[in-house]
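One letter stands for each residue in the lines below.
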Amino acid sequence: MRRTDRGWVIGALTLLLVVSMAGSAAAFGGATPSASAAEPTGQTALSGSDAPATDRSLGAANATQTDDDIVRTSSYALTPDRPGSVRVTLTYRLPDRVRSLRTHLVDDGTVTSTNGFDRVNDTTYDWDESTSTPSITVRFNPNETTSKTGPEAASGQYLFADTGEWALLRQFRTSSSYSYTKPEPGVDRRVRTDGPGAAGDRIVFLGDVRTVERTQNGQTFRLVVPEAAELSESPEAVLDSLTNASRTLRVGNRDETVVGFAAPTDRVEWGVRGLATGDSEFWVRDFERLGEPANVWLHEYVHTRQAFRTTSETRWLTEATAQYYAAQLTLEQGRIDFEAFRRELARGERSTYDGVVLSSPSTWTANANYVKGALAAGRLDLALREGTNRSATLQQVVHELNEGGQPVTQTGFLGAVEAAGGADSRSTAAELSETSERLSMWNQRTHSRLFGPVPAQIRYGLPSGADGYRASGPYRNDTLSTPVRLATGERLTVDTVVENTGGETGAYNATLTVDGRAVASASGELDAESDRTVPLSYTFDRPGEYTLGAGGETATVVVEEPAEPTVSEVSVDSERVRAGESVRVTATVRNDAAVPANGTVTFTRDGEPVAERAVTLSPGATTELSADIELPTAGTARLGAGSATPVTVTVATPTDGPAGTSGGSGPGFTAPVAVLAAALALLARRR
């Protein structure tokens, strides 16, 4: 997000020359941004939460200081007992040749004390011309709100806020005028925090912080991370992305120092996702991610590289180029794939923007400068590359605009395009910005041809079908349905999906996690625009509910102790036998549980165990187990297995007549044997 052409020009201190009977007079402050000369903007800051109040540079370097300079130090402090209120003390060190000094409060505030200043009115104070280090202490409300909508808007309303425990604020603005005897003194501005905090050229954070710094490509990046912030990305990853963009984006001189603040989201609903202010400073909400096409970290950084000022006709370029380059740079860094990049820019194709003419802000609807503007910037970049065999790009146009000292008119914009890509490119730029023509997004093949191959973009995920999950181990070797249910001791193999949606071969490292902990991984290389499955396995030894993960996708795994097998029926091969013979008892065993069953089926005779059989069953499976049980005593016997109803068997004495049968094929007198016995008895009597 950007406010005004180059951002919120806030707290700028300007130098005005006036004539005085005593010699010369000058003014410095922030009330007149149109002044012809500006004071140096050197800033200092406290870095770290435990250091005492001191001057340490966080923004641009101070101007070269001498004892004859005017030094103004602004010291900011929290007022925890008054949330929504911050204290700033302005202290001046004046060289002998300064004869008078008048300070005017530009922002609303309440003066709580002065030393060496006399009140002229509620907002104006004059130096008493005798105190060597006069000061004014002001209490002011740093809270600022917005009702912004659009891609950079957030659900809240705050642009700057004070919670009492911490505050993110813009610096309090004043303007001053002074008279002096020649030569004219320089002006050195310093900013510090009275307690832990950090300050840049425009922004101050009060509260515990740590500052992470990196110098690369001629720029020093300082990332201020408050203790109250919970970054979704590591500070190192944020600096990686920013320095990579710094190298890639060649649109003119780079600011010597760039300061970024991570804005805590605890207790504050911000009105925007990020905010750039001044030449080289911005804040971004702490939970913003790098791996999305609307990369707010890069969007705000691009604003720091925009030195051009616009007119009404070219106003769309500010947010359009920031939004376009945020997506393109994120794609080039391999943090998103082309499809995500395409979807982001293709939002500008919507019929909502059919009547929008970018050079005419009165026709804008639904944040057209961000959405249709980003697609228009991309189409212009495409046309420049295509018309010059990739020798010219939109970066050359932005570079030319940055070099101009005057606000960019439509004629100046079209001229810069023509200088980079010729008359055809100028015609394209005119059509894109001066008509309501509906725009279209290009495909990956065209992108690879004109922008170069899309970097390898490796994505990971869990299998979509049940055949991608397999259980193995002591109970079964089988595919699983989802949600996955296992017994303890089973090994789960997951066919992790690895996909390269980029245009170049890339290395992958597929990782399987359980409750966020990596438990298995495999690496290799994958060709462009191809995919494969990589089996990864883990054995679950304890019961519980687990979250399985791969590449941001998750699935639930429920692990239980093995179920107990259930005996549903018992049968025998004979219900009438003689004492001393055996009966075969068969048990029908099933597993009604969702996990494998594992256990022992006990066979009984009259309630006493006489045999055991081990059994393992998959979920829903059924089997039969048998045991031969001897019946030594005449009478009746109850034969059973597990909890099923026992079967009663009649046991005859050895001298009894035929035992007979009621079914089965086990031992005992069958009908043919009885006939044979009768025949033998008759033959004996005849003899």
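Residue numbers run consecutively from 1 along every chain, following the written order of its sequence. Since the coordinates come from a predicted model, pLDDT governs what is reported: local features require at least 70, and pairs of side-chain atoms require 80 or more to be given and counted, while whole-chain, interface and lining totals use all residues. Remark: hydrogens and water are excluded; side-chain values derive from all non-hydrogen atoms of the structure.

Trainee: Quick question: what am I supposed to make of the overall build of the protein chain here?
Mentor: The number of helices and strands found in the protein chain is 10 helices and 40 strands. Only protein chains enter the accessibility calculation, which uses a 1.4 Å probe. A residue is then buried if its area is under 20% of the maximum for its type, exposed if over 50%, and partly exposed in between. Among the 687 residues that make up the protein chain, the fraction classed as buried is 50%. Any pair of residues with heavy atoms lying within 4.5 Å of one another is described as a contacting pair. Contacts in the protein chain between residues far apart in sequence, at least 24 positions, make up 66% of those at least 6 positions apart. Method for areas: the Shrake-Rupley scheme with a 1.4 Å probe, in which residue coverage is limited to the protein chains shown. Summed over all atoms, the accessible surface of the protein chain reaches about 30100 Å², with 43% contributed by carbon and sulfur. In this description a helix means any DSSP run of H or I spanning at least four residues, a strand means any run of E spanning at least two, and both kinds are numbered starting from the N terminus.

Trainee: Where do I start with the pattern of salt bridges in this structure?
Mentor: A pair can form between side chains of opposite charge whenever their charged atoms are brought close. The term salt bridge refers to a pairing of a side-chain nitrogen on Lys or Arg with a carboxyl oxygen on Asp or Glu at a separation within 4 Å. Counted by the stated rule, this structure contains 28 salt bridges. Between Arg97 and Asp68 there is a salt bridge; the shortest N-O distance is 3.4 Å. Here Arg97, found in the loop between strand S5 (86-93) and strand S6 (98-105), pairs with Asp68, found in the loop between strand S3 (37-38) and strand S4 (70-78); they are 29 residues apart in sequence, far enough to count as distant. Since its relative accessible area comes to 14%, Arg97 is described here as buried. The exposure class assigned to Asp68 is partly exposed, which follows from its relative accessible area of 39%. Between Arg470 and Asp495 there is a salt bridge, with its nearest N and O atoms 2.8 Å apart. You can see Arg470 sitting in strand S24 (residues 469-472) and its partner Asp495 sitting in strand S27 (residues 490-500), a full 25 residues away along the chain. Residue Asp495 is classed as buried on the basis of its relative accessible area of 14%.

Trainee: Could you clarify how one ought to interpret empty space enclosed by the protein in this entry?
Mentor: The method works on a 1 Å grid over the protein atoms by themselves. A cavity is a set of points holding a 1.4 Å probe that cannot get out, a pocket is an open set with protein on both sides within 12 Å along at least five of seven lines, and residues with an atom within 4 Å of a point line them. Grid points are joined across faces, edges and corners, and a volume is the space filled by probe spheres set on the points. Tallying each qualifying case throughout the model produces four cavities of 30 Å³ or more. Considered as a void within the structure, the second largest cavity measures approximately 50 Å³ in volume. Forming the walls of the second largest cavity are Leu249, Val251, Val302, Arg305, Gln306, Thr321, Tyr325 and Val398. In this classification, Asp, Glu, Lys and Arg are treated as charged, Ala, Val, Leu, Ile, Met, Phe, Trp, Tyr, Cys and Pro as nonpolar, and every other residue, Gly included, as polar. Here the lining of the second largest cavity is composed, by residue class, of five nonpolar, two polar and one charged.

Trainee: How do you make sense of the pairing of strand S8 (residues 117-121) when you look at a structure like this?
Mentor: In the case of a regular strand, side chains alternate between the two sheet surfaces. Two elements, S8 and strand S9 (residues 124-127), share four bridges in a ladder whose sense is antiparallel. Its bridge partner being in S9, Asn121 is matched across the sheet by Thr124. Here, any two strands with at least 2 DSSP bridges between them count as paired. The antiparallel pairing of S8 with S9 creates a hairpin that spans two residues between the two strands.

Trainee: What am I meant to see in the sheet that holds strand S39 (residues 635-641) here?
Mentor: Paired through their backbone hydrogen bonds, the strands of a sheet run either parallel or antiparallel. Judged by pairing direction, the sheet is mixed, and its five strands sit side by side in the order S34-S40-S39-S36-S37 without closing on themselves. The open sheet terminates on both sides in strands that have one partner only, identified here as strand S34 (576-578) and strand S37 (608-617). Going from strand to strand, the sheet's axes swing by 25 degrees on average, the running direction of each strand aside. Pairing between strand S36 (residues 597-605) and S37: nine bridges, direction antiparallel. Within the sheet, the bridge partner assigned to Thr604 lies in S37 and is Pro609. Axes, fitted as lines to C-alpha atoms, cover a helix only where it is in contact. Angles between the N-to-C directions of the axes lie from 0 to 180 degrees.

Trainee: Would you explain the packing of aromatic side chains in this entry?
Mentor: The geometry of two aromatic rings is summed up by the distance between their centres and the angle between their planes. Side-chain rings of Phe, Tyr and Trp (the six-membered ring for Trp) are treated as a pair once their centres are within 6.5 Å; stacked means planes under 30 degrees apart, edge-to-face means over 60, and tilted covers the remaining angles. Applying the stated rule across the entire model yields 15 aromatic pairs. Ring centres 5.8 Å apart and planes at 5 degrees place the aromatic pair Trp442 and Phe451 in the stacked group. A relative accessible area of 5% places Trp442 in the buried class. Here the aromatic rings of Tyr538 and Phe540 are separated by 4.9 Å at their centres, their planes lie at 85 degrees, and the arrangement is edge-to-face. On the basis of relative accessible area, Tyr538 is assigned to the partly exposed category, the value being 23%. Taken together, Trp166, Phe205, Trp270 and Trp283 form an aromatic cluster joined through their ring pairs.

Trainee: Please explain the sheet that holds strand S31 (residues 544-550) as it appears in this structure.
Mentor: Pairing in this open sheet of five strands is mixed, and the strands run S26-S32-S31-S28-S29 from one edge to the other. Every other strand in the sheet has two partners, leaving strand S26 (484-487) and strand S29 (517-526) as the edge strands with one partner each. On average, each strand axis in the sheet is inclined to that of its neighbour by 20 degrees, with strand direction left out of account. With seven bridges joining them, S31 and strand S32 (residues 553-560) adopt antiparallel strand pairing. Paired with Tyr546 across the two strands is Val557, which belongs to S32.

Trainee: In this structure, what is going on with the nonpolar core? I would like to understand it.
Mentor: One recurring pattern in soluble globular proteins is that nonpolar side chains are buried together. In this description, a nonpolar core means a group of buried Ala, Val, Leu, Ile, Met, Phe, Trp, Tyr and Cys residues linked to one another through side-chain atoms lying within 4.5 Å. Counting residues in each nonpolar core, the largest one holds 73 residues, and the members touching the most others are Tyr324, Phe341, Leu394, Val397, Phe413 and Trp442. The dominant element in this core, judged by the number of residues it contributes, is helix H3 (residues 316-332), at 10 residues. Grouped together as the second largest cluster of nonpolar side chains are 30 residues, Tyr475, Ala579, Val601 and Val615 included.

Trainee: Sorry, what's going on with the packing of H3 against helix H5 (residues 371-387) here?
Mentor: To describe two helices that pack against each other, one gives the angle between their axes and the distance between the axes. Contact geometry of H3 with H5 gives a least axis separation of 7 Å together with a crossing angle of 70 degrees. Comparing their axes, H5 and H3 come out roughly perpendicular. Only Gly373, Ala374, Ala376, Ala377, Gly378, Asp381 and Arg385 of H5 make contact with H3, whose side of the interface consists of Trp316, Ala320, Gln323, Tyr324 and Gln328. Here the residues of the contact of H3 with H5 are counted per class, giving six nonpolar, four polar and two charged. Roughly parallel covers angles under 35 degrees, roughly antiparallel covers those over 145, roughly perpendicular covers 65 to 115, and oblique covers all other angles.

Trainee: Which parts of the structure should I look at to understand unusual backbone geometry?
Mentor: Backbone torsion omega between Lys182 and Pro183 reads 5 degrees, so that peptide bond is classified as cis. Relative to the helices and strands, Pro183 is located in the loop between strand S14 (174-180) and strand S15 (187-193). Of note, the amide linkage connecting Thr482 to Pro483 takes the cis form, showing an omega dihedral of 0 degrees. Its place among the elements puts Pro483 in the loop between strand S25 (478-479) and S26. In the Ramachandran plot, Glu129 falls in the positive-phi region, its phi being about 65 degrees despite a non-glycine side chain. Even without being glycine, Asn217 reaches a positive phi, approximately 60 degrees. Turning to its location among the elements, Asn217 is positioned in the loop between strand S18 (209-216) and strand S19 (219-226). Residue Asn217 is classed as partly exposed on the basis of its relative accessible area, which comes to 27%.

Just distances and angles here, no functional claims.
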